[in-house]
Amino acid sequence: MMKRWHAAKRLLPLFAGLVLLLSACGREDLSAINPQGPVAEKQYGLMTLSISIMTLVVVVVFAISFYVIIRYRRKPGQNDIPKQVEGNHKLEIIWTVIPIVLLLILAVPTAKYVFAFAEDYSKDENAIKVNVTSHQYWWEFEYPEYGIRTAQDLIIPTNKKIAINLRTQDVLHSFWVPSLAGKMDTNTEGNLNKMYIEATKENVYRGKCAELCGPSHAYMDFKVKAVNEDTFKAWVNEMNAEPKAWTGDPAAYDKFKTSCLSCHALDNSQSLGPNLKGLGSRESIAGIMLNRDNVSEPINQDLMEQHLREWIVDPERVKPGNAMTNGMTGVEFTDEELDQIVDYLSNYKLDSLKEINKQ
Ligand code: HEC
Ligand SMILES: [Cu+2]
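Within each chain, residue numbers correspond to sequence positions counted from 1 in written order. Key to labels: chains lettered from A, ligands numbered from 1, both in the order written. pLDDT decides what is reported in this predicted model: residues at 70 or higher carry local features, side-chain atom pairs at 80 or more are listed and counted, and totals for whole chains, interfaces and linings draw on all residues regardless. Hydrogens and water are ignored here; the side-chain numbers use all heavy atoms of the structure.

1. Describing the coordination of the copper ion (ligand 2)
Coordinating donors are taken to be N, O and S atoms lying within 2.8 Å of the metal, or within 3.2 Å when the metal is Na, K or Ca; because water is excluded from the atom set, some sites may appear incomplete. The protein atoms that coordinate the copper ion (ligand 2) are Cys209 (SG), Glu211 (O), Cys213 (SG) and His217 (ND1), at distances of 2.0 to 2.5 Å. Each label reflects the angles at the metal, where four donors whose angles all fall between 85 and 135 degrees are tetrahedral, four or six donors whose opposite pairs open beyond 155 degrees and whose other angles stay between 65 and 115 are square planar or octahedral respectively, and the rest are irregular. Metal-centred angles of 84 to 129 degrees between the 4 donor atoms at the copper ion (ligand 2) mark the site as irregular. Positions of the donor residues of the copper ion (ligand 2), expressed as sequence spacing, correspond to C-x1-E-x1-C-x3-H. For Glu211, a relative accessible area of 28% corresponds to the partly exposed category. Remark: exposure states derive from per-residue accessible area (1.4 Å probe, protein chains only) relative to the maximum for the residue type, with buried under 20%, exposed over 50%, and partly exposed in between.

Written as structure tokens, this is what we have:
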């Protein structure tokens, strides 16, 4: 017995190493097991609690079964059948009460937090209110207090509660930023969901649609850019300023106006497609074509221009079934016109986001 224990002890460093390795798992910008704000931390706590209880149950049950299998196995030469026991009040009470206690330990905090996570902070004057509207296949973010409407990149200040109202314009989608909070469905009017998120640190967090919503569901990504309070205020001011002036050829502007601004706004008004204000500061084109792989690098201008071109020329190839394709059928561009549109949009940058974009 002693010998076996020594052998097992030698494996301890291996297990300790494994624990260390696994605890480093999970990207900061993408993973629920590397929480980056108080909501995600509490949710991670719930996961840890339930996994710990499950592990404890598995270990104890397996230990007892192995003990019984080995201790009471049939010995060589043993032919008699041991005493048969049926029913034991004491044991039965024990193995009923223990699971009840374990379930209570699980249920009480779970129920408590489920309601806490859906708390409506929209009346809290320190919270920032955001109305999230999901569309096939993009995300619209409206800030009612500031009269701002934007898309794909949700800009938030750090260490503040962001009170989120979720709704959908078409089918059901689900709003999910794994490192900030668990997912929540976007429903139609009458059954709207509320949640809140909070980010501790400045960073760009990746968001996903987590409800199968059509052929381009897998490409329905968005980002949450958490910036400091001053940057956020500067961003609000920039978003409320007049749209950037068109400095190119007026004929190309006419083309842009008739074939693009019929669906896209450059101010904060509601439009059929994403607001294009400050497009040159976005993390991606159409949510899925990333303009840089990693926040430690600057946004890559050439890559963005290439993505814009790809998108405008053939949005269907990028996101099958998207709502821009139909509006583009029959629209032809000269190279000159396309260059000017790409140039205008990719250079429409917001100064407030230069730092986080490393531009
Ligand atoms: C029929 C309406 C319509 C027309 C016309 C249209 N778009 Fe779009 N556009 C959309 C929709 C809808 C989306 C969102 C698609 C998605 O991601 O599923 C979009 C997405 C975009 C995006 C990505 C925005 C982002 O936040 O990443 C850009 C850039 C864009 N359009 C540029 C243009 C340009 C330039 C033109 C004119 C040449 C144009 N669009 C014409 C509806 C339209
Ligand atoms: Cu989806």
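2. So, a nonpolar patch on the surface
Two distance rules govern patches: like charges are joined within 9 Å, and nonpolar side chains (Val, Leu, Ile, Met, Phe, Trp, Tyr) within 5 Å, applied only to residues with over 30% relative accessible area and no salt bridge. To measure how exposed things are, a 1.4 Å probe is used in the Shrake-Rupley method; for residues, cover is taken only from the protein chains shown. A pairing counts as a salt bridge when a side-chain nitrogen of Lys or Arg comes within 4 Å of a carboxyl oxygen of Asp or Glu. A surface patch of nonpolar side chains, amounting to about 650 Å² of accessible area, comprises Val57, Val58, Val61, Phe62, Phe66, Ile69 and Ile70. Secondary structure elements are taken from DSSP: a helix is a run of H or I of four residues or more, a strand is a run of E of two residues or more, and numbering for both begins at the N terminus. Residue placement: Phe62 occurs in helix α2 (residues 38-71).

3. So, the pairing of strand β6 (residues 173-177)
For β6, the buried fraction is high: 4 of the 5 residues fall into the buried class. Note on pairing: two strands pair once DSSP finds at least 2 bridges between them. Where β6 lies against strand β7 (residues 181-186), 4 bridges are found, and the strand directions are antiparallel. Paired with Ser174 across the strands is Asp185, a residue of β7. Where β6 folds back on β7, the antiparallel hairpin that results is connected by 3 residues. For β6 and strand β9 (residues 203-209), the ladder comprises 2 bridges, and the chain directions are antiparallel. Looking across to β9, one finds that Trp176 is bridged to Lys208.

4. Regarding the packing of helix α5 (residues 250-259) against helix α9 (residues 335-346)
Contact geometry of α5 with α9 gives a least axis separation of 9 Å together with a crossing angle of 75 degrees. Accordingly, the angle class assigned to the pair α5 and α9 is roughly perpendicular. Along the contact surface, α5 presents Ala252, Lys255 and Phe256, while α9 presents Glu337, Gln340, Ile341, Tyr344 and Leu345. Only the stretch in contact is used when fitting a helix axis, every axis being a line fitted to C-alpha atoms; angles between N-to-C directions are given from 0 to 180 degrees. Each angle is binned into one of four classes, with values under 35 degrees roughly parallel, values over 145 roughly antiparallel, values of 65 to 115 roughly perpendicular, and all other values oblique. Contacts: residue pairs with any heavy atoms within 4.5 Å of one another.

5. Topic: the sheet that holds strand β4 (residues 153-157)
Read across the sheet, 5 strands follow the order β4-β10-β9-β6-β7 without closing on themselves; strand pairing throughout is mixed. Only two strands of the sheet have a single partner each, and these edge strands are β4 and β7. Strand-to-strand twist in this sheet, taken as the mean axis angle between neighbours without regard to direction, amounts to 25 degrees. Across the sheet, helix α4 (residues 229-240) touches β4 and β10 (221-227), and the angle it forms with β4 is around 130 degrees.

6. Regarding the coordination of the iron atom of ligand 1
Within the protein, the iron atom of ligand 1 binds to His264 (NE2) and Met324 (SD); these donor distances fall in the range 1.9 to 2.1 Å. For the iron atom of ligand 1, the 6 donor atoms are set out with angles of 88 to 179 degrees between them, so the coordination reads as octahedral. Note that His264 is positioned in the loop between α5 and β11 (284-285) and Met324 in the loop between α7 (315-318) and α8 (325-328), a separation of 60 residues in sequence. For the pair His264 and Met324, a shared accessibility class is recorded, and that class is buried.

7. Regarding the nonpolar core
Core analysis: the biggest nonpolar cluster contains 44 residues, and Phe141, Tyr143, Leu154, Phe175, Ile197 and Trp235 have the highest contact counts within it. Other than its neighbours up to four places away in sequence, Tyr143 contacts Ile128, Lys129, Val130, Ile148, Thr150, Leu154, Ile155, Phe232 and Trp235. Remark: nonpolar core denotes a set of buried residues (Ala, Val, Leu, Ile, Met, Phe, Trp, Tyr, Cys) joined through side-chain atoms within 4.5 Å. Core analysis: the second largest hydrophobic core is formed by 25 residues, Phe256, Met324, Val342 and Leu345 among them.

8. So, the pairing of strand β8 (residues 193-197)
Taking burial as the measure, the 5 residues of β8 include 4 buried ones, the bulk of the element. Inspection of the sheet shows strand β5 (residues 162-168) paired to β8 by 5 bridges, in the antiparallel sense. Bridge pairing in β8 places Ile162 opposite Ile197.

9. Comments concerning helix α6 (residues 301-313)
Taking 1.5 Å of rise per residue, 13 residues should cover 18 Å, and α6 covers 18 Å from first to last C-alpha, within 8% of that figure. Buried residues of α6: Met304, His307, Leu308, Trp311 and Ile312, and no others. Buried positions in α6, seen along its axis, are confined to an arc of 125 degrees and lie on one side of it. Exposed residues on α6 whose side chains face more than 90 degrees from its buried face are Asp302 and Val313. The elements touched by buried residues of α6 are β11, β12 (289-290), α7, α8 and α9. The span one expects for a helix is its residue count, reduced by one, times 1.5 Å. The directions considered for the arc are those from the helix axis to the C-beta atoms.

10. With respect to the environment of Met304
The topology assignment puts Met304 in helix α6. Expressed as a C-alpha distance, the spacing of Met304 and Met328, which sit 24 residues apart in the sequence, is 20 Å. Once residues within four sequence positions are removed from consideration, Met304 is found in contact with Leu279, Gly280, Arg282, Ile285, Asn291, Ile299, Ser346, Lys349 and Gln359.

11. Some thoughts on the packing of aromatic side chains
Two aromatic rings from Phe, Tyr or Trp, using only the six-membered ring of Trp, form a pair when their centres are within 6.5 Å; if the ring planes differ by under 30 degrees the pair is stacked, by over 60 it is edge-to-face, and anything between is tilted. Counted under the stated rule, the structure contains 17 aromatic pairs. Measuring from ring centre to ring centre gives 5.0 Å for Phe175 and Phe222, while their planes differ by 20 degrees; the resulting arrangement is stacked. Placement of the pair is Phe175 in strand β6 and Phe222 in strand β10, with a sequence separation of 47 residues. Both residues of the pair, Phe175 and Phe222, count as buried. Aromatic pair Trp246 and Tyr344: ring centres 5.0 Å apart, planes at 35 degrees, arrangement tilted. Of this pair, Trp246 sits in the loop between α4 and α5 while Tyr344 sits in helix α9, and the two are 98 residues apart along the sequence. Clustering of aromatic rings is evident, with ring pairs tying together Trp246, Tyr253, Phe256, Tyr344 and Tyr348. Sitting over the ring of Tyr72, Arg71 keeps its end group 5.1 Å from the ring centre. We call a charge positioned above a ring when the Lys NZ or Arg CZ atom is no farther than 6 Å from the ring centre and deviates by at most 35 degrees from the ring normal.

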